[in-house]
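Here's the letter readout for the chains.
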Amino acid sequence: MRKAGFRLGVYVFKDAEVIDYAAPYGVFSVARRFDPELDVFLMAETMRPVHTQAGFTVLPSYALGDQPALDAFLIPGGFGTRQEMHNGKLHGYIRALPQDCLLTSVCTGSWIYGAMGLLDGLPATNRKEPDRLESSHLGKTPIDRLAEIAPACRISRARVVDAGRIVTAGGISAGMELGFHLLRRAGYGAEFIHEVARVMEYQRAYAQYEHDIEYATPAAAARLQTA
């Protein structure tokens, strides 16, 4: 069943990766041309301007304390996730969200859910391709770091992992697929999603990744619903 007026809140923070949050936001922006009831907006800890990666500064529409109504909450990746893993205000906000609100992430955003223990017993993914620092002896590939942060999580290499309430996506450009998958979770059919991809001139890439999704086993999904 399609949920009318599906609302996606995208959390931004210092040094968030631009494409991580802009890609799913862009998918919803185009989808709104076909259904204006869809809504997407930026959220931050406060209403101050947020300096994300490469000096790209954005203005949130809501602060966490505003508690806007939303159907899905998205955490992007980026260098700043290292601080957000210890952000008690963010963690408290996430824990207080209604159980029917999806918890989603792109790239190292899943580190935050892992640090909170929300990925225990569930599959999740992260970025698999390291940058120069991460591939050296000084760093670690983000997906391997997720395994350390959440040892009870089952690491998946799928582009998108749907574990029921929690949906994680791989690195950077996978935010596109997360955006399309959230339309699917909102109840939109394949024809609608393909039309959005066509308008974005992304239909070939979408066809390549459309089925690169791992779904949680029924037992894992049941565990999430009772958590």
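Residues numbered from 1 in each chain as written. Predicted model: local features only at pLDDT ≥ 70, side-chain atom pairs only at ≥ 80, totals over all residues. Heavy atoms only, no water.

### Considering the overall build of the protein
Then, number 1: Counting its secondary structure elements, the protein contains nine helices and 12 strands.
Then, number 2: When its C-alpha atoms are laid out on the principal axes, the protein stretches across 45 × 40 × 40 Å.
Then, number 3: Relative to its 227 residues, the protein shows a buried fraction of 54%.
Then, number 4: Here the contacts in the protein between residues at least 6 apart in sequence split such that 69% fall between residues at least 24 apart.
Then, number 5: Of the roughly 10,400 Å² of accessible surface on the protein, 53% is carried by carbon and sulfur atoms.
Then, number 6: Averaging the positions of the 24 positive and the 25 negative side-chain charges in the protein gives two centres separated by 2 Å. (Helix = DSSP H or I, 4+ residues; strand = E, 2+ residues; numbered from the N terminus. Buried < 20%, exposed > 50% of the residue type's maximum accessible area, 1.4 Å probe, protein only. Contact = heavy atoms within 4.5 Å. Areas by Shrake-Rupley, 256 points an atom, 1.4 Å probe, with all protein chains shown as cover. Lys, Arg positive; Asp, Glu negative; His and termini not counted. Charge placed at Lys NZ, Arg CZ, Asp CG, Glu CD.)

### Quick notes on the side chain of Ser-105
Then, number 1: Looking at the element boundaries, Ser-105 is found in strand β7 (residues 102-106).
Then, number 2: Sequence-distant contacts of Ser-105, that is, excluding residues within four places in its chain, are made with Ile-75, Ser-110, Tyr-113, Val-167, Thr-168, Ala-169 and Leu-178.

### What about the environment of Asp-71?
Then, number 1: With respect to the helices, strands and loops of the structure, Asp-71 is situated in the loop between β5 (62-63) and β6 (72-75).
Then, number 2: Residue classification places Asp-71 among the buried positions, given a relative accessible area of 13%.
Then, number 3: Each C-alpha atom, one on Asp-71 and one on His-91, is 17 Å from the other, the two residues being 20 residues apart in sequence.
Then, number 4: Of the polar contacts made by the side chain of Asp-71, one reaches the side chain of Lys-3; its length is 3.4 Å. (Polar contact = N/O pair within 3.5 Å; in protein donor to acceptor, adjacent residues only side chain to side chain.)

### Considering the sheet that holds strand β11 (residues 166-169)
Then, number 1: On the basis of which strands lie adjacent, the open sheet formed by eight strands has the order β5-β2-β1-β6-β7-β11-β10-β12 and mixed pairing. Strand pairing shows two members of the sheet lacking a second neighbour, β5 and β12 (213-215), which therefore form its edges.
Then, number 2: The pairing of strand β10 (residues 160-163) with β11 spans four bridges and is classified as antiparallel. Across the sheet, residue Asp-162 finds its bridge partner in β11, namely Val-167.
Then, number 3: Running at roughly 155 degrees to strand β2 (residues 39-44), helix α1 (residues 18-31) makes contact with β1 (7-11), β2, β6 and β7 of the sheet.
Then, number 4: Across the sheet, helix α6 (residues 175-185) lies against β1, β6, β7, β10, β11 and β12, angled at about 165 degrees from β7, the strand it touches most. (Pairing = 2+ DSSP bridges. Axes fitted to C-alpha atoms, helices over the stretch in contact; angles between N-to-C directions.)

### So, unusual backbone geometry
Then, number 1: Its identity is not glycine, yet Cys-107 carries a phi of approximately 55 degrees, on the positive side.
Then, number 2: Within the secondary structure layout, Cys-107 lies in the loop between β7 and α4 (110-115).
Then, number 3: Of note in the backbone geometry, Glu-201 takes a positive phi value of approximately 50 degrees without being a glycine.
Then, number 4: On the secondary structure map, Glu-201 appears in the loop between α7 (190-199) and α8 (203-209).
Then, number 5: Overall, the relative accessible area of 71% leaves Glu-201 in the exposed class.

### A few points about α7
Then, number 1: Within α7, the full set of buried residues consists of Phe-192, Ile-193, Val-196 and Ala-197. Angular distribution of buried residues about the axis of α7 spans 135 degrees; they occupy a single face of the element.
Then, number 2: Looking at the buried residues of α7, the elements they touch are α1, α6 and α8.
Then, number 3: Glu-201 sits one or two positions beyond α7 and adopts a positive phi of about 50 degrees. (Arc of directions from axis to C-beta.)

### A look at α1
Then, number 1: In a regular helix each residue adds 1.5 Å, so 14 residues correspond to 20 Å; α1 covers 20 Å between its end C-alpha atoms and thus fits that length.
Then, number 2: Turning to α1, its buried residues number three or more, namely Asp-20, Tyr-21, Ala-23, Pro-24, Val-27, Phe-28, Val-30 and Ala-31. (Expected span 1.5 Å × (residues − 1).)

### Structural notes on the packing of aromatic side chains
Then, number 1: Enumeration over the complete set of coordinates arrives at nine aromatic pairs.
Then, number 2: Relative to Tyr-62, the ring of Phe-41 has its centre 4.9 Å away and its plane inclined at 65 degrees; by these criteria the two rings are edge-to-face. You can see Phe-41 sitting in strand β2 and its partner Tyr-62 sitting in strand β5, a full 21 residues away along the chain.
Then, number 3: The exposure class of Phe-41 is buried, given its relative accessible area of 4%.
Then, number 4: A relative accessible area of 28% means that Tyr-62 is categorised as partly exposed.
Then, number 5: Clustering of aromatic rings is evident, with ring pairs tying together Tyr-11, Phe-13, Phe-73 and Tyr-93.
Then, number 6: Positioned above the aromatic ring of Tyr-209 is the side chain of Arg-159, whose terminal nitrogen or guanidinium carbon lies 3.7 Å from the ring centre. (Phe/Tyr/Trp six-rings, centres within 6.5 Å; stacked < 30°, edge-to-face > 60°. Lys NZ or Arg CZ within 6 Å of the ring centre and 35° of its normal.)

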